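This is what each chain is made of:
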Amino acid sequence: MERSFAKEVQSLKKGDGEIFEGEGILAVTKGALQSGVSYVGGYQGSPVSHLVDVLNDAKDIMDEYGVHLEICANEAGAAAMLGASIQYPIRGLVTWKSTVGTNVASDALSNLGSVGVTGGAVIILGEDYGEGASIIQERSHAFAMKSSLWLIDPRPNLTSIVHLTEKAFELSEASNQPVMVQLRILACHVQGRFTTKNNRHGRFSGNNKLEKPNFDLGKIALPPSTYAQEKHKWEARFPAAVDFIRKEKLNEFFDGDLNDAGIICQGGLYNTVLRSLVHLDLADLYGNSKLPIYCMNVTYPLIPEELVRFCAGKKHVLVVEEGHPAYIEDEINVILRKADIQTKVHGKGHLPMAGQYTSDVMQTGVAKWIGDINLPNTNRDGAGARIKYIEGLKASATKYLGSPVPPRPPTFCTGCPERPVFSAIKLMEKDVGKTHISCDIGCHTFSTLPPFNLGQTVLGYGLGLASSTGVAPNFDKRVISIMGDGGFWHNGLATGVASSVFNKNDSILIVMKNGYTSATGWQWVPSTPKQGDFDQSPMSIEETLRSLGVKWQRKVRTYNVSKMVRTLKQAMTTTQKGLKVIVAESECMLAKQRRIKAERTKLIREGKRAVRPRFGIDDDVCTGDHSCIRLSGCPSLTIKVNPDPLRTDPIAHVNTGCVGCGLCGEVAHAAVLCPSFYKAEIVYNAGRLEQWLHSLRQRFIGKFCSPEELRLAPRQEGVMEDEDATKAA
């Protein structure tokens, strides 16, 4: 995977009274083991992709306790695993990225929420919301309310995360409902320590298997059982959950001296709230706040008795709820009015309607609230000064910068095998004309950005082909759909390919076969190559396509831009009807570089010959047209000052980030641009013959060059630096 936890997972073996140090994702795993979990599964996706990696790296520990690990094909498959806890008293944990993953899993979750569970069923959600998010901005709260799945939002410290992971299993069993535990991006990777307990064997597991099946028709989502399930959910399960949350004190009260007002916050925002109060001189660095705080580690369901107790006697409370709609704020208003508590509830207005509550957003909002309510025994001028201070910092930064910071949109990695496909599409469109391109979730989404600007729609993971079916019949030429191999196995196989063949659609699909689910952290897929060899993949995309009846199918090495252009033209102009699939095959460059760099370093340390390719541009030949940059956009392809004093236009230049993929030269050849690109090889531990030939070549070149030409000859940039770096390694 992108990161190995092979060493860190050893701390999962710690027992009673020992100190665990690590990050949030490891703490969740430890909490599950201490809870006696019997099966775990999930689908990779930032920010909880590492949880799947941790589980995989800890497989020997899982095996010791008979815990089954399932790497699921998608989130729906992960959610369906929890079906094991419906009839049987066994505990299960699954994970994925929300909200998009929850949407995929919604069918299974709705059924699960209706029938209820016997064993503890816990879902760890990566709440991908805010400035660092990679997806649409929605919240899990709405889904929890819709399907009556209790939602835990723990304070972001390891003690709370582990404690509430354990309590999630207990809450699930006490109320016979699944429980969602959401971890924000930063909480997933927060560092800390906690005191461990012994790991527990599950009541039933791979080491102690069930002997006979249970059957209860009341736990099948089929009328008339579904009507009874809904009634039971609200008459028994919901009250049981509220009672458990209250008795176990899952929500926390923090006292303060200023009792006229208080703050109600989601657990995951507690740290940011407290830090804001520190800056406003309303709390100290040790967590002691002058303002009372009610920290809701469980954000659904709310506990009316606790809210009434906290708000009684207070004139004002501020509800800190990230995102929109204001579900929690609105419900608190209803609860207080029903209880005839007239405390004024503030929230949205002082704090933004939407977006992440970062430290400056929180400080500004809390400061405005304090100023508006005229809170006694507080420094109103200090709150106002804090707002001015934050605004002053922004103004100073703008002044020193002199101009706005240029945007830095995400882009393909250097040498990415998907980049040349989009270069080929742009070249194809010059002859065939522009067409509609249905893009997909994944690295290839970057094709919608400059310099390509390709892709009119992005609807969901693996839905590139499905989202083109409404456009294709209404367009004057064949449309092109993009799908990654991760999306292909996720759900594109059924929703896209099978549906398109069944409906006899006449369109083009490009499957980006790079071997991994790269965009979420480089996880394996069924067609992942072994040591770069796709022929050794466990499953074949091409054979799968043939089995579904795809007649027109071509496989092209992505870096062969000329061949890709020709294949695209054939697909656009052929008289053959039906789905046409181009499998664009080349291994993810990150995966390839990790492998070959390790191999090369090993050879160098052993004193054996090793070669690294590099590409460059001849300064004398380059015209400064920069078409190569416009057609590839590679980060290693840039410009520099023209060394010729008679030519003022900057010329193209390949910097030291080049990984030797050859795309720049391929694009130049396919577009008939110029012959300025050259390939060089950096040889480590060269043999005597190679050294002698190198010396001979240098002397030969020297005889035909003047001293001035030799002085001005471009140095092979990066060679010495790379050699020094390798020696240091």
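Owing to the predicted nature of the structure, the values given are computational and were not obtained by experimental measurement.

Draft legend 1. Representation of unusual backbone geometry in the model. For the bond from tyrosine 300 to proline 301, the omega torsion is 0°, close enough to zero to count as cis. By the element assignment, proline 301 lies in the loop between β12 (298-300) and α13 (304-311). That bond from proline 450 to proline 451 is cis: its omega, 5°, falls within 30 degrees of zero. Relative to the elements of secondary structure, proline 451 occurs in the loop between β15 (437-438) and β16 (480-484).

Draft legend 2. Highlighting the packing of aromatic side chains. Going through the model one piece at a time under the given rule, you end up with 14 aromatic pairs. For the pair tryptophan 150 and tyrosine 300, a centre-to-centre distance of 6.0 Å together with 40° between the ring planes defines the contact as tilted. Of this pair, tryptophan 150 sits in strand β6 (residues 150-152) while tyrosine 300 sits in strand β12, placing them 150 residues apart in sequence. Tryptophan 150 gets classed as buried once you look at its relative accessible area, which sits at 0%. Grouping aromatic residues by their ring pairs yields a cluster made of Trp150, Trp234, Phe238 and Tyr300. Note that arginine 155 overlies the ring of tyrosine 270, its terminal NZ or CZ placed 5.0 Å from the centroid. Positioned over the ring face of tryptophan 552 is arginine 554, at 4.1 Å from the centre of the ring.

Draft legend 3. Geometry of helix α21 (residues 589-605). Helix length check: α21, at 17 residues, gives a terminal C-alpha distance of 24 Å against a target of 24 Å (1.5 Å per residue), a fit within 8%. If you check which residues of α21 are buried, you get Met589, Ala591, Gln593, Arg595, Arg600 and Ile604. Where α21 terminates, the next one or two residues include glycine 607, which has phi positive at roughly 75°.

Draft legend 4. Spatial organisation of the sheet that holds strand β7 (residues 179-184). Pairing within the open sheet is mixed, and its seven strands lie in the order β3-β2-β4-β5-β7-β6-β12. Edge strands, defined here as strands with exactly one partner in the open sheet, are β3 (68-71) and β12. Ignoring which end each strand starts from, the neighbouring axes of this sheet average 20° apart. Summarising the sheet, strand β2 (residues 39-42) and β3 pair through four bridges and their orientation is parallel. Following the sheet pairing, glycine 41 is matched in β3 by glutamate 70. Packed onto the sheet, helix α2 (residues 49-57) meets β2, β3, β4 (92-98) and β5 (121-127) and runs at close to 135° relative to β3.

Draft legend 5. Inspection of helix α11 (residues 225-247) at higher detail. For α11, built from 23 residues, the straight-helix expectation of 33 Å at 1.5 Å per residue is met to within 8% by its first-to-last C-alpha distance of 31 Å. Along its length, α11 shows its largest kink, about 45°, at lysine 233. Within α11, the full set of buried residues consists of Ser225, Gln229, Lys233, Arg237, Ala241, Val242, Phe244 and Ile245. Buried residues belonging to α11 abut α7 (106-115), α8 (141-147), β6, α9 (158-175), β12 and α13. A positive phi of about 55° marks lysine 249, the residue just after α11.

Thresholds applied
- Residues numbered from 1 in each chain as written.
- Predicted model: local features only at pLDDT ≥ 70, side-chain atom pairs only at ≥ 80, totals over all residues.
- Heavy atoms only, no water.
- Helix = DSSP H or I, 4+ residues; strand = E, 2+ residues; numbered from the N terminus.
- Phe/Tyr/Trp six-rings, centres within 6.5 Å; stacked < 30°, edge-to-face > 60°.
- Buried < 20%, exposed > 50% of the residue type's maximum accessible area, 1.4 Å probe, protein only.
- Lys NZ or Arg CZ within 6 Å of the ring centre and 35° of its normal.
- Expected span 1.5 Å × (residues − 1).
- Pairing = 2+ DSSP bridges.
- Axes fitted to C-alpha atoms, helices over the stretch in contact; angles between N-to-C directions.
- Contact = heavy atoms within 4.5 Å.
- Bend = angle between axes of the 7 residues up to and from the residue.

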